[in-house]
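# Fold and geometry: a report
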Amino acid sequence: MSIEDKTRLPILGLMADGNTPEGLYESLREAFESEVGAASAAGLESLRNRWLGRRSGLLAAANENWLKAAPRELKPVVGRLQNALRRHSDAALKAAVKAAAAPARRTSEVDPTLPGPARPFGAVHPVRRALEDVLRIFRPLGYNVVEGPEIETFFYNFEALNFPPDHPAVDEMDTLFLKDGMLLRTHTSPCQVRVMESSQPPLRCVVHGKVYRNDTPDATHSPMFHQLEMFAVDETITFADLKGTLEHFVRNFFGPGTRARFRPSYFPFTEPSAEVDITCPFCSGSGCRICKHTGFIEVLGCGMIDPEVLRHSGLDPERYRGFAAGFGLDRFAMLKYGIDDILLMYQGDTRFLAQFR
Amino acid sequence: MHILLSWLEDFVEIKESPNELADALTMAGMAVDAVERDLGETIFEFDITSNRPDALNHLGMAREVAAIYRRSLRLPAADLHEQAIPASSRASVAIEDPHACARYVGRVFEDVRVEPSPDRIRRRLELCGVRSINNLADLTNYVLLEIGQPTHAFDLDKLAGQRIIVRRARSGETLRTLDGIPRELSPAHLAICDAERPVALAGVMGGAETEITDTTRNVLLEAAWFSPSVIRKASRHFKLHTEASHRFERGADWQAAPQAADRIGAMLHQSGRGSLLAGRIDCYPRRQPLDTVQLLREQVRQHLGIALEDSEIESILTALGFAPTPTSVGWQVPCLSSRLDVTRGIDLVEEVARIHGFSRIPSTLPAVGAAPAATANEREEERMRAGVRALGYDETIGFSFISSEDARRFGGAGAVELRNPLSRLWDVMRNSAVPTMLQSLQWNLRRNRAELRLAEFGRIYRRSAETYREPRILALGASGSARPATWSDRAPRFSFHDLKADVTALLSPYSCGPLRFDASGIPDYYDLGQSASVRGGERTLARFGRISRTIAGERKLRQPVWIAEIWLDEVYACGLAEPAHRPLPRVPAVSRDFSLLVPESVQYQRITEAAGTIQDVERTEAVEIYRGKNVPRGRYSLLFRVWWQRLDESLTDESVNSHAEKLLSRLASRLGIKLRA
């Protein structure tokens, strides 16, 4: 039914069809609003006649057929609605007429689509980005951040970490040695021992920095890369704490849906030892090329700090226990940002770096 | 390593699908890399950690399966049918180095018929990646894959004196190994010898002269225990990695030696291809004691964070082959020669945990420990990084290795040399960040990236006296224009003063005192006319400038490049300046411009210093510098602006005039500066 037809019908009939007074006036108001919105400057005058004309306007018709025809008990309600609508439409029309009369807005003198002189921020290297993301997760858990020397002794890099004298990792093929028998640390774990030697538990630490291996560079190997290691030593630390901490970590780093799977493994400096697989961040565990269709990606190694390592560091293993976990920051960055060649990290190519501004 | 499903089933019942079994083993620490099917057989490919040589065979893996599912394990049979003649009447064994060879078990077979192995054996070997040779060699390999003990069969008739002597090789002795290659031995190597010469490289490979051939009639079988480090050395020296050396260097089971010899004897008899003489020749000069370990109930709970039932712990240990005896606080557990990795209570905790299942251990978060201490220089570093980023420098990370030639050129003496460098171009640790930065700049220029701002936060490495130092450094690299060209403005070239502005901005948050810039102490890889060092107080904080034309030419840099080296340890040691508020002046400052003729020898800083001695000077500006027409030779024209300010009163014209006169007279008397007419 058109709005004109509606205003010609008596209110009681309309209400018998299920309309309320409020609904009727609301539909009137909506029709008015949409006509005002669509009207051109020239159309506003005829719009006024159509709606507010003293004799034949739509509001006059409503006054006649709805207000005047209303039974007495409805009159106060309908009267209020009728008045409100009249006041509103008067004001709205006035405003529309005024706006139509205003001079046209100045058009732009500049082309806002032209670029301004570029002043980009510098890139934050993906490894650094990954590091900062990791630190943001561990700092609120009370972890200290420690670096340590990259040039290490055989003792800290191997012996203190309980490497058996004939462990393959000790072989020259893996370790870069200096001429005097010092070496480039092959992992960040020596720093564990250094921290434990110099401070008393409770300890919560993150160690990070460059590590070195005698590996020929290719897409997945670099003779220099970045490792991050976190460890906690206290009287009550358990393997359950290790699990909880790492699950919290991978969910926060890789996304809330990430699940961690702990597999028994072997490292000389932890016992029990585990490798942690996470549900593949690329396919969420359903299987893809990157996770070799297993749904899982191995991301870190961890375990309870071996009592021998505590002993080497001057802590009483009867009293203290600890956990430790370590991983490659480069690899984490590669997984997070989808980088497929570790050597991109070290070329300084600005086409690569600019993606991390 | 390959493990066959059907072979496992010889020793343990398996109800699970191959994939289920692979998952269960993986989650118990026996990582299955792949499950394959070939010739109707299911093959598991394992990646076994180096602490578990006991699992490098089918029986060992079956024991893991039995432990995971708590099923019973059937051991391989060894039904011996020995002749009356004792083996010791046909051959003898002596060990001269009991440290390197703690046990040597020999068995003698007579009237053997050497021929191809039966299909079943050949098939299993081949599926495990071992080439079938003849029935005797195959039996030794079969038992190796079955129970893990390496053995070797000698043609007894070719052993001089029918004797085995286990001793260090003598200098000059040689041995042609089974692969046909002659090997020069030395006392570093342990040799199996007959009465005259080496006949095998112990624990690695047998010799060609005494190998089993079609005509072999009598056989001496060796099953021995060799020291892991001796075998590892030989295997590495000869670059000879064999199934035997792989197991010996990880630690074999000395109690498996007689079992393996018996098993081979039984299988040979069963095949009807030879007869077994009575008894083992068991030369066992060094018995290695086995400890008993105490496992505390409390220890399991403290490490795992979960209390397990006694019955669960006992059942796991028993299934793994241990024999725990309960005590009031836990268990006494005798160590096993087959599990040399288990020597402490904590090792047993691991065994219990991995068989119980890591996934069944709950996840908790530890309480926060002590309040964390601030990381050294953390704030200082954050500030520097924010500055570098805001100035638009892209962060790079370069390799820590450079060539010794670059080290001499850019870092001087004291480079840290590598004993086993990756290459000649990477033979020292960098003692300067400049070569790495130059490389990154060059990399980009070659790829037509001409607008460059690079920054690296890193370390350099120095040896001084007996110690190593790893000072932190920030290297900046810049090339191209100061600002990019736009559709309305041309791009000015990047200049010395652009870099100076960046360096100054980066240093400004620190309490380094007033910065002094001069050209002293600049190494010659910089263009000496366009470089400076930066000092604050006694500290040298940085140096920067344009890279010399010589270096640029050698490296084929097609446009000027600029580098800054900032010694972060020095800068951070100054600390961040804490802001201190000064009240704002109530009245505006007044300025006067002076058009000066300055002798070329006078640097700008001396002018500002002179201005600084005048009362009420708030700041100064170099508005314009001009050389050329209407300026006398030997001088430059400087439009110098001085701002005067008092905190709460306006300066009168008279006082400014008097200040200005004083300034001009000082500039004239001290620096020979004239006012331009």
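Residues numbered from 1 in each chain as written. Chains lettered and ligands numbered in written order. Predicted model: local features only at pLDDT ≥ 70, side-chain atom pairs only at ≥ 80, totals over all residues. Heavy atoms only, no water.

### Section: the overall build of chain B
Note the threshold: Numbered from the N terminus, helices here are DSSP runs of H or I no shorter than four residues, and strands are runs of E no shorter than two. Note on method: radius of gyration uses C-alpha positions; expected globular size equals 2.2 Å times residues raised to 0.38. Burial here depends on accessible area, computed with a 1.4 Å probe over protein chains only, as a share of the maximum for the residue type. Under 20% is buried, over 50% is exposed, and the range in between is partly exposed. In what follows, a contact means two residues having at least one pair of non-hydrogen atoms within 4.5 Å. Residue-level accessible areas treat just the shown protein chains as cover; the underlying method is Shrake-Rupley with a 1.4 Å probe.
When you go through chain B residue by residue, the secondary structure sums to 19 helices and 35 strands. Over its C-alpha atoms chain B spans a radius of gyration of 41 Å, topping by over 25% the 26 Å that the globule rule assigns to 677 residues. Each of the three principal axes of chain B carries a C-alpha extent, and together these read 130 × 60 × 50 Å. Here chain B holds 677 residues, and 52% of them are scored as buried. Summarising the internal contacts of chain B: among those between residues at least 6 apart in sequence, 70% fall at separations of at least 24. Put simply, chain B shows about 30800 Å² of open surface, and 48% of that area lies on carbon and sulfur atoms.

### Topic: the interface of chain B and chain A
Operational definition: Computed with a 1.4 Å rolling probe, the buried area is the accessible surface lost when two parts are put together, summed over both parts. The term salt bridge refers to a side-chain nitrogen of Lys or Arg lying within 4 Å of a carboxyl oxygen of Asp or Glu.
Contacts between the two partners involve 77 residues from chain B, matched on the other side by 86 residues from chain A. Here chain B and chain A share an interface that buries about 7100 Å² over both sides, 55% of which is from carbon and sulfur atoms. When residues of chain B are sorted by the area they lose upon contact with chain A, Phe-358, Ile-397 and Arg-419 of chain B head the list and together hold 10% of the total. One can count 7 salt bridges joining chain B with chain A. Listed by contribution, the elements that provide at least two residues to the side of chain B that touches chain A are α6 (228-237), α9 (297-304), α11 (345-356), α12 (378-390), β20 (394-396), β22 (416-417), α14 (434-446) and β24 (452-459) of chain B. For the side of chain B that touches chain A, the element with the highest residue contribution is β24 of chain B, accounting for 5 residues.

### Some details on the domain arrangement of chain B
Note the following rule: In this entry, domain limits derive from an automatic or database-based domain assignment.
Parsing chain B into structural domains produces domain 1 (2-69), domain 2 (82-283), domain 3 (292-358), domain 4 (378-574) and domain 5 (590-675). On a C-alpha basis, the centroid separation for the pair domain 2 of chain B and domain 5 of chain B is 97 Å.

### A few points about the nonpolar core
Nonpolar side chains in soluble globular proteins generally cluster together in the buried interior. Rules: Residues grouped as a nonpolar core are buried Ala, Val, Leu, Ile, Met, Phe, Trp, Tyr and Cys residues, joined through side-chain atoms within 4.5 Å.
Judged by nonpolar contacts, the single largest core of 171 residues is most densely connected at Leu-246, Phe-249 and Leu-300 of chain A together with Phe-401 of chain B. Broken down by element, the residue count for this core peaks at 8 residues, all from helix α10 (residues 239-254) of chain A. Beyond its immediate sequence surroundings of up to four residues, Phe-249 of chain A is in contact with Val-134, Ile-137, Phe-138, Leu-300, Phe-327 and Phe-332 of chain A. Counting residues in each nonpolar core, the second largest holds 44 residues, with Leu-156, Val-166, Ala-202 and Trp-225 of chain B among its members.

### Details of the packing of aromatic side chains
Inclusion rule: Planes of paired rings set the category: under 30 degrees apart is stacked, over 60 is edge-to-face and the rest tilted, where pairs are Phe, Tyr or Trp rings (Trp by its six-membered ring) whose centres lie within 6.5 Å. For a ring to carry a charge above it, either NZ of a lysine or CZ of an arginine must fall within 6 Å of the ring centroid while also lying within 35 degrees of the normal to the ring plane.
By the definition in use, this model includes 36 aromatic pairs over all chains. Centre to centre, the rings of Phe-32 of chain A and Trp-51 of chain A are 5.3 Å apart; their planes meet at 75°, and the pair counts as edge-to-face. Of this pair, Phe-32 of chain A sits in helix α3 (residues 21-38) while Trp-51 of chain A sits in helix α4 (residues 44-52), and the two are 19 residues apart along the sequence. Judged by relative accessible area, Trp-51 of chain A falls into the buried class, the value being 1%. Aromatic side chains Phe-254 of chain A and Phe-332 of chain A sit 5.1 Å apart centroid to centroid with 50° between the ring planes, which places their arrangement in the tilted category. A residue pair is termed long-range when its members are at least 10 positions apart, and Phe-254 of chain A in helix α10 and Phe-332 of chain A in helix α12 (residues 329-337) qualify at 78 residues. Accessibility assignment for this pair places Phe-254 of chain A and Phe-332 of chain A in one class, buried. One cation-aromatic arrangement involves Arg-385 of chain B over Phe-457 of chain B; the distance from NZ or CZ to the ring centre is 4.1 Å. Taking NZ or CZ as reference, Arg-619 of chain B lies 4.4 Å from the ring centre of Trp-643 of chain B, over its face.

### Side note on the domain arrangement of chain A
Domain assignment breaks chain A into domain 1 (3-101) and domain 2 (126-356). The straight-line distance from the C-alpha centre of domain 1 of chain A to that of domain 2 of chain A is 74 Å.

### A short note on the environment of Lys-210 of chain A
Turning to its location among the elements, Lys-210 of chain A is positioned in strand β4 (residues 203-212). Lys-210 of chain A sits in the buried class, given a relative accessible area of 7%. As for Lys-210 of chain A and Met-224 of chain A, which are separated by 14 residues in sequence, their C-alpha atoms are 6.6 Å apart. In this view, Lys-210 of chain A contacts Glu-150, Arg-185, Met-224, Phe-225 and His-226 of chain A together with Ile-397, Gly-398, Ser-400, Arg-430, Glu-456, Gly-458 and Tyr-461 of chain B; residues no more than four positions away in its chain are not counted.

### Topic: the sheet that holds strand β34 (residues 635-644) of chain B
Note on sheets: strands pair through backbone hydrogen bonds, and any given pair is parallel or antiparallel. All names here are of chain B. This is how it is decided: What makes two strands pair is DSSP finding at least two bridges between them. In this description, a line fitted to the C-alpha atoms serves as the axis of each element, helices being fitted only across the stretch in contact, and the angle between N-to-C directions of two axes falls anywhere from 0 to 180 degrees.
Spatial strand order, β33-β34-β32-β35: 4 strands in an open sheet with antiparallel pairing. In this open sheet, the two edge strands, each paired with only one partner strand, are β33 (617-626) and β35 (674-675). Here 2 bridges tie strand β32 (residues 590-599) to β35, and the two strands are oriented antiparallel to one another. Looking at the pairing, Leu-596 lines up with Leu-675 of β35. Against the sheet, helix α18 (residues 604-612) makes contact with β32, β33 and β34, and its axis sits at roughly 35° relative to β34, the strand it touches most. Each of β32, β34 and β35 is contacted by helix α19 (residues 653-671), which is oriented at about 15° to β32, the strand it contacts most.

### Details of the environment of Gln-332 of chain B
Residue and element names in this part refer to chain B. Here Gln-332 lies in strand β19 (residues 330-334). Taking C-alpha positions, Gln-332 is 6.4 Å from Leu-295, a pair spaced 37 residues apart along the chain. If near-sequence neighbours (up to four positions away) are discounted, Gln-332 is found in contact with Thr-292, Val-293, Gln-294, Ala-323, Pro-324, Thr-325 and Thr-327.

### Observations concerning the sheet that holds strand β28 (residues 515-518) of chain B
Residue and element names in this part refer to chain B. As summarised here, the arrangement of the 7 strands in space is β20-β24-β27-β31-β30-β29-β28, forming an open sheet in which the pairing is mixed. Strands with a single pairing partner mark the edges of an open sheet, and in this sheet they are β20 and β28. Strand after strand, the sheet turns through a mean of 20° between neighbouring axes, direction not considered. Across 7 bridges, the pairing between strand β29 (residues 526-536) and strand β30 (residues 539-547) is antiparallel.

### Notes on a positive patch on the surface
Residues and elements named next belong to chain B. Selection rule: Here a patch means residues that are over 30% exposed by relative accessible area and free of salt bridges, tied together within 9 Å if like-charged and within 5 Å if nonpolar (Val, Leu, Ile, Met, Phe, Trp, Tyr). Note on charges: Lys and Arg go in the positive column, Asp and Glu in the negative column, and His and the chain ends are not counted at all. For the purpose of locating charges, the reference atoms are NZ of Lys, CZ of Arg, CG of Asp and CD of Glu.
Together, Arg-446, Arg-447, Lys-556 and Arg-558 line one region of the surface with positive charge. Note that Arg-558 resides in the loop between α16 (549-554) and β31 (561-567). With a relative accessible area of 58%, Arg-558 lands in the exposed category.

### Considerations on helix α8 (residues 256-271) of chain B
Residues and elements named next belong to chain B. Condition: The span one expects for a helix is its residue count, reduced by one, times 1.5 Å.
The end-to-end C-alpha distance of α8 is 22 Å, a good match for the 22 Å that 16 residues give at a rise of 1.5 Å each. Most of α8 sits inside the fold, with 12 of its 16 residues counted as buried. Every buried residue belonging to α8 is among Ala-256, Ala-257, Pro-258, Ala-260, Ala-261, Asp-262, Arg-263, Ile-264, Gly-265, Ala-266, Met-267 and Leu-268, and all of these are buried.

### Re the pairing of strand β6 (residues 101-110) of chain B
Residue and element names in this part refer to chain B. For β6, the tally of buried residues reaches 10 of 10 residues, placing the bulk of the element in the interior. As paired strands, β6 and strand β14 (residues 219-226) are joined by 8 bridges and run antiparallel to one another. Pairing of Phe-109 across the sheet is with Val-219, part of β14. Inspection of the sheet shows β6 paired to strand β15 (residues 275-278) by 2 bridges, in the antiparallel sense. Within β15, the residue paired with Phe-109 across the bridge is Leu-276.

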